[in-house]
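Residue-level structure breakdown
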Amino acid sequence: MGKILIKTPEQIAWIRKAGKLTAQTLDMIGQYIRPGVSTLELDNIMNTFILSNWWTSACIDYLGNNKWGKWATAYTRCTCISLNDVICHGVPRADELLKEGDILNIDVTTIVDGYFGDASRMYTVGEVSEQAKKVIAVAKKSWEIGIAQVRPGNHFGNIGYEISKYAESQWCSVVREYTGHGVWVQFHEEPYVYHKAERNSWPKMQAGMIFTIEPMINLGKFATKLDRDNWTVRTKDGSLSAQWEHTILVTETGYEIMTKA
Ligand code: MF3
Ligand code: CO
Ligand code: CO
């Protein structure tokens, strides 16, 4: 792993502002989730909301900084909306309509005065299956267990160690190719936070570091496949997938969640 930046109090304050707008966007969109709405309509509502708060989305025109290889074309939408078997980076579309029983992740990253705030949550459309409820709950608990590992002196690897230990005990799997990441005046930077890792591996956390924890948990196997749009990532076996994300600051005594309203 390369150098991990320690943020100053002023930089932290800006990231907290970006995180707040991100969380407010995720709160606001909840009321619009219903059968028949298109993912592009949801995306447009969130874009209008962010712009009306005077700031912008980090996703529009983003070229990708994926250490597993550059994506071919820039992202065009404001948010990522990932339905059912889509793991992440689902591209909102006019012809993709929500229907009863769908589960979806909405991932929002705002830029406030140059600083980034990145978070995502799961939403459900009407009544969903027991399997859907299970994968959402296992992902949420894995994420909370991972966040609880954040404190100065603890190894980054223990986040992924605890996440994968729990998720696998529930017969779910942890996606390997996409990770948590540092955020600041860049969308993705060091540290890359693995959601499956060896105990006590990777460097130690220090107060002032800021990064996301965003485990992607599949009901089936962990293998992924990329759609022809070069963005949408799905489970290879077609099983359901769920994800939750916060941007987290390491404090002197533990952590602070930066993406809260
Ligand atoms: N918000 C995503 C993450 O958690 C990245 C989205 S990149 C985009 O890292 F271009 F697809 F928006
Ligand atoms: Co992220
Ligand atoms: Co995100």
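Residues numbered from 1 in each chain as written. Chains lettered and ligands numbered in written order. Predicted model: local features only at pLDDT ≥ 70, side-chain atom pairs only at ≥ 80, totals over all residues. Heavy atoms only, no water.

The predicted model of the chain has a mean per-residue pLDDT of 95, with 97% of residues at 70 or higher. The least confident element of the chain is strand E8 (residues 189-193), whose mean pLDDT is 94; the most confident is strand E13 (residues 241-243), at 99. (pLDDT = per-residue confidence, 0-100. Helix = DSSP H or I, 4+ residues; strand = E, 2+ residues; numbered from the N terminus.)

Before going further, it helps to spend a moment on the coordination of the cobalt ion (ligand 2). When a metal carries six donors in an octahedron, the ideal angles between them are 90 or 180 degrees, while four donors in a tetrahedron ideally lie at 109.5 degrees. On the protein side, the cobalt ion (ligand 2) has Asp118 (OD), His181 (NE2), Glu214 (OE) and Glu245 (OE) as donor atoms, found 2.0 to 2.2 Å from it. In this structure, the cobalt ion (ligand 2) is coordinated by six donor atoms arranged in irregular fashion, with angles at the metal of 50 to 161°. Counting gaps between the donor residues of the cobalt ion (ligand 2) yields the pattern D-x62-H-x32-E-x30-E. A separation of 3.3 Å is found between the cobalt ion (ligand 2) and the cobalt ion (ligand 3), which are bridged by Asp118. In this pair, His181 is assigned in strand E7 (residues 180-182) and Glu214 in the loop between strand E9 (210-213) and strand E10 (216-218), connecting sequence segments 33 residues apart. (Donors = N, O, S within 2.8 Å, 3.2 Å for Na, K, Ca; no water. Tetrahedral: all angles 85-135°; square planar, octahedral: opposite > 155°, others 65-115°.)

Summed over the entire model, instances satisfying the criterion amount to two cavities of 30 Å³ or more. Of the volumes computed, that of the second largest cavity is approximately 50 Å³. In terms of lining residues, the second largest cavity is bounded by Ile81, Ser82, Leu83, Val86, Gly90, Val91, Arg93, Glu96, Thr232 and Arg234. Ranked by the residues each element gives to the lining of the second largest cavity, the list is headed by strand E2 (residues 80-83), at three residues. Tallied by class, the residues present in the lining of the second largest cavity amount to four nonpolar, three polar and three charged. (1 Å grid on protein atoms, 1.4 Å probe; cavity = no way out; pocket = protein on both sides within 12 Å on 5 of 7 lines; lining within 4 Å. Points joined across faces, edges and corners; volume = space filled by probe spheres on them. Nonpolar A, V, L, I, M, F, W, Y, C, P; charged D, E, K, R; others polar.)

The protein atoms that coordinate the cobalt ion (ligand 3) are Asp107 (OD), Asp107 (OD), Asp118 (OD) and Glu245 (OE), at distances spanning 2.0 to 2.3 Å. Taken in chain order, the donor set of the cobalt ion (ligand 3) reads D-x10-D-x126-E.

Before going further, it helps to spend a moment on the side chain of Thr224. Positionally, Thr224 belongs in strand E11 (residues 224-226). A relative accessible area of 18% means that Thr224 is categorised as buried. Here the side chain of Thr224 touches Glu177 through a polar contact of 2.8 Å, side chain to side chain. Once residues within four sequence positions are removed from consideration, Thr224 is found in contact with Ile87, Val175, Glu177, Val233, Arg234 and Lys236. (Buried < 20%, exposed > 50% of the residue type's maximum accessible area, 1.4 Å probe, protein only. Polar contact = N/O pair within 3.5 Å; in protein donor to acceptor, adjacent residues only side chain to side chain. Contact = heavy atoms within 4.5 Å.)

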